[in-house]
Amino acid sequence: MLYFFKSSLRKISKQKVTSIINLAGLVLSISTFLVIAAWIRSELSYDRFWDGYDQTYRVTLTRKVNGNPVLNTAMNYTGAGQVLQNELPEIERATTLGKDMITAFTSENSCQDVNFCYIDSSFFKVFPRPLVFESSDIFADIHGAILSQSMAKKLFGTTDPLNRKFKVNEGWEFFVCAVFEDFPNNSHLKFDMLIQRKALFYYMYNFNYETGILNNDNISGIPADNPYGQGNWSSFLYWYTYVKLQ
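On a predicted model such as this, the values are computed, not experimentally measured, just so you know. (Residues numbered from 1 in each chain as written. Predicted model: local features only at pLDDT ≥ 70, side-chain atom pairs only at ≥ 80, totals over all residues. Heavy atoms only, no water.)

Some remarks on the environment of Glu170
Which entries qualify depends on this criterion: Each helix corresponds to a stretch of at least 4 residues labelled H or I by DSSP, and each strand to a stretch of at least 2 residues labelled E; elements are numbered beginning at the N terminus. Residue exposure (1.4 Å probe, protein chains only): buried if accessible area is under 20% of the type maximum, exposed if over 50%, otherwise partly exposed. We call two residues contacting when some pair of their heavy atoms lies within 4.5 Å.
Within the secondary structure, Glu170 is located in the loop between strand S8 (165-168) and strand S9 (172-180). With a relative accessible area of 55%, Glu170 lands in the exposed category. Through-space distance from the C-alpha of Glu170 to that of Phe124 is 28 Å; in sequence the pair is 46 residues apart. Setting aside anything within four residues of it in sequence, one finds Glu170 in contact with Phe207 and Tyr209.

Right, dumping it as structure tokens:
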């Protein structure tokens, strides 16, 4: 072994340029392999942390004209999830969500380009996420918002964020009813703020943009959502449907 080591050193000293090139090629090859292996591992780990990830599917939409596909999209009608759950016993849960990008602010802090999501009460049953802080019923009040830990810290610092108020965009006001652990980087869902889906339409129809207040803050007057209603099948833009199978 000692003889082999000495012989190798003599060879390297005689052929310095060739040895350096060979060594550099070896280092580059190993480094490239490690980078590719790490990238493949990261790609294969996407969304594997969800409980029941192998039972969870996104329902895509294909539109046809005269039997020929004219559109394939990951988005779907808002009524699709609940109707599928009602009609197919193989489906355990269904949830519909809408993505948006908003500005959130308090009197002290402001956050631009916040990953915002409208959800229904089944969201955490399909995508369970540990809650760090929570009120007794996070879906009891339409004005309640669920924030990620990082977003709560940006808006309210290290103080207890529960029941603290903030506004979004033109002035829609919400309060913090829960805080969840941040989504991991290997998730295709990357949200920092969750609001009830029915809050979107409620604020749209009742918020006065001139005065900055709700004209009719009568929560009991919100009509029950009918998944079979025409309004839930008029547009598929903006919304995504997920189901969790038995």
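Regarding the side chain of Gln196
Looking at where Gln196 falls in the secondary structure, it is placed in strand S10 (residues 193-196). Each residue touching Gln196, except ones within four places of it in the same chain, is listed here: Tyr118, Ile119, Ile138, Phe139, Asp141 and Ile142.

What about the packing of aromatic side chains?
Our working rule: For this analysis, a ring pair means two rings from Phe, Tyr or Trp (six-membered ring only for Trp) whose centres lie within 6.5 Å, classed as stacked if their planes differ by under 30 degrees, edge-to-face if by over 60, and tilted for the remaining angles.
Under the defined criterion, the tally for this structure stands at 20 aromatic pairs. Ring plane angle 80 degrees and centroid distance 5.1 Å describe the contact between Phe127 and Tyr242, whose orientation is recorded as edge-to-face. Pair noted here: Phe127 is in the loop between helix H4 (123-126) and strand S6 (131-134) and Tyr242 is in strand S13 (residues 239-245), with a separation of 115 residues, a long-range link. Residue classification places Phe127 among the buried residues on the basis of a relative accessible area of 3%. Residue Tyr242 is classed as buried on the basis of its relative accessible area of 2%. Geometrically, the ring pair formed by Tyr238 and Trp239 is edge-to-face, given 5.0 Å between the ring centres and 90 degrees between the ring planes. Look at Tyr238 and you get partly exposed, because its relative accessible area is 26%.

Concerning helix H5 (residues 149-156)
Given 3.6 residues per helical turn, the α-helix brings residues three or four places apart onto the same face. Cut-off, in case you're wondering: When we speak of the arc, we mean the arc of directions from the helix axis to the C-beta atoms.
Among the residues of H5, Met151, Ala152, Leu155 and Phe156 are the ones counted as buried. The buried side chains of H5 occupy one side of the element, clustering within an arc of 105 degrees when seen end-on. The exposed residues of H5 that point more than 90 degrees off its buried face are Lys153 and Lys154. The elements touched by buried residues of H5 are strand S4 (91-105), strand S5 (110-119), strand S7 (144-148), S8, S9 and S10.

Side note on a nonpolar patch on the surface
As a reminder of what qualifies: A patch is a set of surface residues, each over 30% in relative accessible area and not in a salt bridge, joined within 9 Å for like charges and within 5 Å for the nonpolar side chains Val, Leu, Ile, Met, Phe, Trp and Tyr. What sets the accessible areas is the Shrake-Rupley method with a 1.4 Å probe; for residues, cover comes only from the shown protein chains. Salt bridge criterion: a side-chain nitrogen from Lys or Arg within 4 Å of a carboxyl oxygen from Asp or Glu.
Taken together, the side chains of Leu23, Leu26, Val27, Ile30, Phe33 and Leu34 present a nonpolar region at the surface, about 620 Å² in accessible area. Relative to the helices and strands, Phe33 is located in helix H2 (residues 16-44).

Concerning unusual backbone geometry
Of note in the backbone geometry, Asp47 takes a positive phi value of approximately 60 degrees without being a glycine. Of the residues examined, Asp47 reaches a relative accessible area of 17% and is grouped as buried.

Quick word on the pairing of S13
To keep things clear, this is the line we draw: Think of it this way: DSSP has to see at least two bridges between two strands before they count as a pair.
The buried fraction of S13 is high, at six of seven residues. Looking at chain direction, strand S1 (residues 56-59) and S13 are connected through four bridges and run antiparallel. For Tyr57, the partnering residue across the bridge sits in S13 and is Val243. Bridging between S4 and S13 involves seven bridges; their strand directions are antiparallel.

Quick word on the side chain of Lys244
The test is simple: In summary, the charge assignment counts Lys and Arg as positive and Asp and Glu as negative, without counting His or the chain termini.
Tracing the backbone shows Lys244 in strand S13. Despite its burial, Lys244 pairs with no opposite charge; the closest candidate is Asp51, at 4.7 Å N-O. Contact partners of Lys244, with chain neighbours within four places excluded, come to Asp51, Gly52, Gln55, Thr56, Ile91, Glu92, Arg93, Lys125 and Val126.

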